[in-house]
Structures are given as C-alpha cells and as structure tokens.
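Overview (structure and organization)
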Amino acid sequence: MSICIIICQKRHTAKQQVQKDVLRWLPDEKIITLDKIGDGLTFLRKVGSQKQRAVIQRDRRPHMLAEVAEFMPDDEGSTGTLKVSGFVRGCPLSVNSLVHIPGWGDFQMSHIETTSDPHPLDKGRAVRDCGMETDDSDTTRVLAKADPRIQESLQSENSLDPMEGEQTWPTEEELDEAKESLEAKRRVKRVPKGTSEYQAAWIPDELKDDDDDDDDGETDENSEEEIIKMNEANSDGESSRGDEDADDYETITVTEGGVDAQRYDDKMDLSEEQETLKKIKEARTDSQFPDEIDTPHETPARVRFQKYRGLQSFRTSPWDPCENLPVEYSRIFQFANFDRTKKRVLKDSKETEGAMPGWYVTLHIHGVPQHLWAARRSGHPLVVYVLLPHEQKMSLLNIVLKRTGPIENQKPIKSKEQLVFHIGHRRFKACPIFSQHTNGTKHKYERYFQPEATVVASLFAPIMFPPCSVMAYSEMKDGSQELVATGSVLSVNPNRIVAKRVVLSGHPFKIHKRSAVVRFMFFNPEDVTWFKPVELRTKHGRRGHIKESLGTHGHMKCVFDGQLKSQDTILMNLYKRVFPKWTYEPFVNAPPSLFSNRLTDEVME
C-alpha cells in the first residue's frame, strides 16, 4: 500500500512539473493523463473542440505565401520584376496597393495575372471562381493593371525644406546698424610701411619680454638635472643591496588558478562583463533613488537645467505638445484623427475590388533590387504582405512592452539602447525611449526597462494600425538574437509627451516651526532666485516654497505647510520633454529561428 502511495505522489509531482513547463509556452492548456479508457475519450473530445485562433493583424491584410517565385532583371541590371504566384489570403487584393516583403522592403505592383487553381478539389468550380470561361487550365489573363493616378506612392517621409521657418531678408535699417557696429570695432594700429590689412591683423600690439621666459627655462632645466642625479643615486643604492641576495633566489612564472581558470578567462569578454555590471548598478540606483541627481558645483544650476521646467501638478498642469519640436518631426506624418482614419481604412479594405481570397494569382512586383534576389536562401519561404493605406509612411509609434523569460535572466535595458523589433510583418532596428504606461497627457520618462516591468516604447517607424503584436529582441555580439520583451502597438501619436524628471535634493540646516534654512540644493544666490517660483516637497509629504536667499553659498529660507523633521529631505522636481532619435534601420537579417539558443535549451530541458 505504501509503495502505491509513493508512486502516486511521484506521478502527481511529475505532472505538476510538466504542467509548469508547458504553461510558459501554452498558458491556456492543461496536461491530461491517459490512465483509463475514459481519459482517451476526454482527450479526443478536447481535440475535436479546438478552434483555430484568428490572427487579426494577418487577416485584415491581404497576404500570400509564394509557391512559385521568378525574377526577371530589367535592361539596367540593378533592378527587375519579381513574379510571385500563390493563393490570396485575408482580404481582397488591389493592384494599386503596395506590397511588403519582410527583409526586402516596400514595392509597387505593375499588374496581376490570374489562372486556374493548380491544386483543385473541383476543377470546374476552380475555373469559375477565377472568372475563366475557357477549358484550358494553363491559360492566364491579366486581372488588373495599376493606375498611376490612384496607385499608392512609395514616399515614406515628408520633404524637408531647411529654409522653412527662417527669418526674412534683413531690412535697410538692420544693414545700416550692422555697418555702424563694424566701423565702431575698427581701431588704429602702428605697423611697418607696406603692410596689408590682413598682415596687420597678425601683428601683436606689444612685444613680449622673452628674457624672463629664458630665465625660467634655465631654472627648470637645472632643477630637472638635479632630480635625475638624485634618482640615479637612489637606483644605484637599491641595485647594490639587491645584488647581495640575487644568488639566493630565482624567478619563475606561476599562473594563479591553474590552467582551467586561464582557459575559462580566455573565453570570457571582460569588457562586456564590466559594461553589464555598470548597467546593473546604475539600474539598481535608479530604482532605489528614482531621478535624484546631485547639483553640479562647477556649472550654475540655472545653466545646467535651463531646458527643464517646474510643474505645480504633473497630471493637470498644461504643456503644449507642439513647442520646441526637433527637426525629425518635419519628416514624419501625423493624423488629425487616428481612430477615425483607422476605421475608414479597415472598412475600405473589405470593399476593395481585385483578386478575391482563395484565388490563385501571379503578382508582378517591379523595382526589386537584384542583390536581394541573389542573397535569398534556397528553400526559404517568401511571403508577400499587402500594405493598408498610409502604412508605408513614417510616424512615431508607441508600443506597450512587457519583459519575458525568467526573472533571473532578465537584465535591465537602458533607454535609447538598440533593439530589433518584429512588428506584425515588419522587422527593423531602432533605439526607443521608455515611459510609464499611464493615463493622462504626460508620461514620465523611464531611464531603464526594469525586469518584470511594463513600459511604453516610443520610436520612429512606419505606421502600423493596431491591434498588432510586437516582439523585441536584443542582438548579441555574435549576431544571435535573444527575446527580451513582447507586447502590442498602442497608438501612432507624435503628440505623446514623455517628460524626463530630475530631482534636486537639499537638507534642512535650521528648523523653526514651519520655516527652515535649506542647504546643499544650490551653491550660489543667483540659482536660488532663478528657481524661486518652483514648488518644493519633502519625502515625508510636506509642501512649500522658497522665500529668500541667505548669504552667498546657496543657503535659502523656505516655508512649508507644516512642521519639518530633522531627518527629512527637501526635493525639487524639474521636467524636460525628451524625444526619440531617428535610428530606424529597415534592413535586418532574420534570426536563425524565432527563439534564441538559450530559450531552445530551456525548452529541451
């Protein structure tokens, strides 16, 4: 009886372990044990009730898995026409739309040819579905030709005019003022005869006395000679003492840690270890003391933080989203109403005239570079996606990301660090900035993507209508890619304000009821006067303001809404809007598999 109990306990433990491993990859599935005949029926019933989940981002766009692909080079030789044959899936396919080939880019179609189904279940029905009234199954006809007037353009960026927004030509009054200021700067200088104005500019006003410099050089040379003689005398004394013990000792080379340790160190990258350690320490400091920085001593605080501003309330204080925009914003597109445009585009995609789903057609894609076709691996599947309107244009994408994998393997990811993104059918590299996933018009900037955290990544990329799944990979030095986060597209909104916060801290020096003398926040009275309008707060919840400056070393008298404690810390919050950099790289090599070697090893275990 005891043996049966032990076997049942081991079976239950093994089932729980297998269930735990399976939940990492299939969270909605359960393990079924086949001990009885009834368990087999339960398993078959579960298999029969399974439904195929719809992939919305794929079903809303026409796509095709190429069964036959052929490249026809043009007369120039650098580009050509790619003929792709296959079955249309998803929505109706229009010849005036753009197509995207993962890893290759966006292209236009010249025309679409249709033919009968090469693998028909009902031959007569296949011919009728394609609109073919002839009995010859090999006959092809042109289904549609592209109309240049309504065909989607390949333009992905706005044309930038560097002179737009510049001031007009100066007026006559401004020119006269500039001429007078130039004449006022002219001065009379005594120079030898025959000297031009250019040569006179190089002649110094007064000749320097070189005798003092020569004397200083002689004293320096003498002092250096004395130092060299003293060093030689010391070295001779030490060598004479060392020669007496030279016969009693010998020198050998010993490797500490043995041969195995040396071989292990040769395989390790010391610089990478130091960078990872530094990043972990900075991320831990940022989590313990978020956004706190020290006020610099050398640079005035009003200069160091001149781009920052104070907010009475981070949630309700106004902030114009169109002020002080970088030049990259002139290259992107923005929707007046993104949600309304999305509904219209998705509705029109279902009513498009063209090749219907299930038809076997041949797409003629022109302008394909020949080197992409030459670099294609044999046997590698070729998938063609048809883009919805506006999806070739650049804008600012906001993506919700969540860390994946075991927490012990999750390393902090610094903001603006390069990642490889798989967004729907697109694959590219970019350096996003991270912010908190909160409601409101302003969102706090996150310096690190911490383990087990959820953030919003903002980056410049082509428009993608949600819902759309996202996978973020970190590229290793050997070229492999490791999955670090998953998520979905949140919005396409360049007006999303990401505010970077810095916290200046000070300490109470003297406390008297509601007032206190604070020091170490600033180090000169000008900075105290500059930041006087900004509200103060403490770590114990008190709020106050600067009343006046005391002395010349940055002490200031502050008034709060309650009694301060001696161990309290006074804080000042300053904010600055940050923008992502233009780091979009569309051509990225596909990973060897969807999972890195580390994840594959975990699955095998």
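Residue numbers run consecutively from 1 along every chain, following the written order of its sequence. Reporting in this predicted model follows two pLDDT cut-offs: at least 70 for local features of residues, and 80 or more for side-chain atom pairs to be given and counted; totals over whole chains, interfaces and linings ignore these cut-offs and use all residues. Only hydrogens and water are removed before side-chain values are computed, so all heavy atoms of the structure are retained for them.

- Labelled according to an unreviewed UniProt entry, the protein appears under the name Pre-rRNA-processing protein TSR1 homolog, originating from Timema douglasi.
- UniProt positions are given in the numbering used here, feature names are shortened, and annotations may be inferred rather than shown by experiment. As stated in UniProt under Sequence similarities (unreviewed entry), the record for the protein gives "Belongs to the TRAFAC class translation factor GTPase superfamily. Bms1-like GTPase family. TSR1 subfamily."
- The UniProt entry for the protein carries the following comment under Function (unreviewed entry): "Required during maturation of the 40S ribosomal subunit in the nucleolus."

1. Quick notes on unusual backbone geometry
- Cis geometry marks the peptide bond from Pro 466 to Pro 467; its omega dihedral reads 0°.
- Assignment of secondary structure puts Pro 467 in the loop between strand S17 (454–462) and strand S18 (469–475).
- A positive phi angle is found at Lys 513, which is not glycine, with a value near 55°.
- Only runs of H or I of at least four residues qualify as helices and only runs of E of at least two qualify as strands under DSSP, and these elements are numbered from the N terminus. With respect to the secondary-structure elements, Lys 513 resides in the loop between strand S20 (497–512) and strand S21 (515–519).

2. Considering the nonpolar core
- By convention a nonpolar core is built from buried Ala, Val, Leu, Ile, Met, Phe, Trp, Tyr and Cys residues, the set being connected through side-chain atoms within 4.5 Å. A 1.4 Å probe rolled over the protein chains alone gives each residue an accessible area, and that area as a share of the maximum for its type sets the label: buried under 20%, exposed over 50%, partly exposed in between. Counting residues in hydrophobic clusters, the biggest one holds 38 residues, and the most contacted among them are Leu 401, Phe 421, Ile 423, Phe 428 and Phe 449.
- Listing elements by their share of this core, those giving two or more residues are helix H11 (338–350), strand S10 (394–403), strand S12 (419–423), strand S13 (426–430), S17, S18 and strand S19 (481–492).
- Working rule for contacts: check all heavy atoms of both residues, and any pair within 4.5 Å makes them a contact. Beyond its immediate stretch of four places on either side in the chain, Leu 401 contacts Phe 421, Phe 449, Ala 453, Thr 454, Val 455, Ala 457, Val 470, Ala 472, Ala 485, Thr 486 and Gly 487.
- Listed in part, the 24 residues of the second largest apolar core include Leu 82, Val 84, Trp 104 and Ile 112.

3. Observations concerning the packing of aromatic side chains
- Planes of paired rings set the category: under 30 degrees apart is stacked, over 60 is edge-to-face and the rest tilted, where pairs are Phe, Tyr or Trp rings (Trp by its six-membered ring) whose centres lie within 6.5 Å. Counted according to the given criterion, the structure contains 14 aromatic pairs.
- Aromatic side chains Phe 71 and Trp 373 sit 5.9 Å apart centroid to centroid with 15° between the ring planes, which places their arrangement in the stacked category. Residue Phe 71 is located in strand S2 (residues 68–73), and its partner Trp 373 is located in helix H12 (residues 370–374); the two are separated by 302 residues in the primary sequence.
- Owing to a relative accessible area of 13%, Phe 71 belongs among the buried residues under this scheme.
- Exposure remark for Trp 373: the relative accessible area of 24% places this residue in the partly exposed category.

4. A short note on the pairing of strand S14 (residues 433–436)
- As paired strands, S14 and S17 are joined by four bridges and run antiparallel to one another. When the sheet's bridge partners are listed, Phe 434 is paired in S17 with Ala 457.
- By this definition, two strands are paired if DSSP reports at least two bridges between them. Pairing of S14 with strand S15 (residues 442–446) involves two bridges; the strand directions are antiparallel. Across the sheet, Phe 434 pairs through a bridge with Glu 446, a residue of S15.

5. Observations concerning the pairing of strand S25 (residues 570–577)
- Taking burial as the measure, the eight residues of S25 include seven buried ones, the bulk of the element.
- Note that S20 and S25 share eight bridges and pair antiparallel. The residue of S25 that forms the bridge with Val 502 is Leu 574.
- Both strand S22 (residues 536–538) and S25 contribute to a ladder of two bridges, which runs antiparallel. Note that in S25 the partner of Thr 538 across the bridge is Ile 570.

6. Topic: the pattern of salt bridges
- Here a salt bridge means any side-chain nitrogen of Lys or Arg lying within 4 Å of a carboxyl oxygen belonging to Asp or Glu. All told, the structure shown has twelve salt bridges when counted by the stated rule.
- With its nearest N and O atoms 3.4 Å apart, the salt bridge here joins Lys 539 to Glu 292. With a gap of 247 residues between them, Lys 539 in the loop between S22 and strand S23 (543–550) and Glu 292 in strand S7 (residues 292–293) connect regions that are remote in the sequence.
- Overall, Glu 292 belongs to the partly exposed group, its relative accessible area being 28%.

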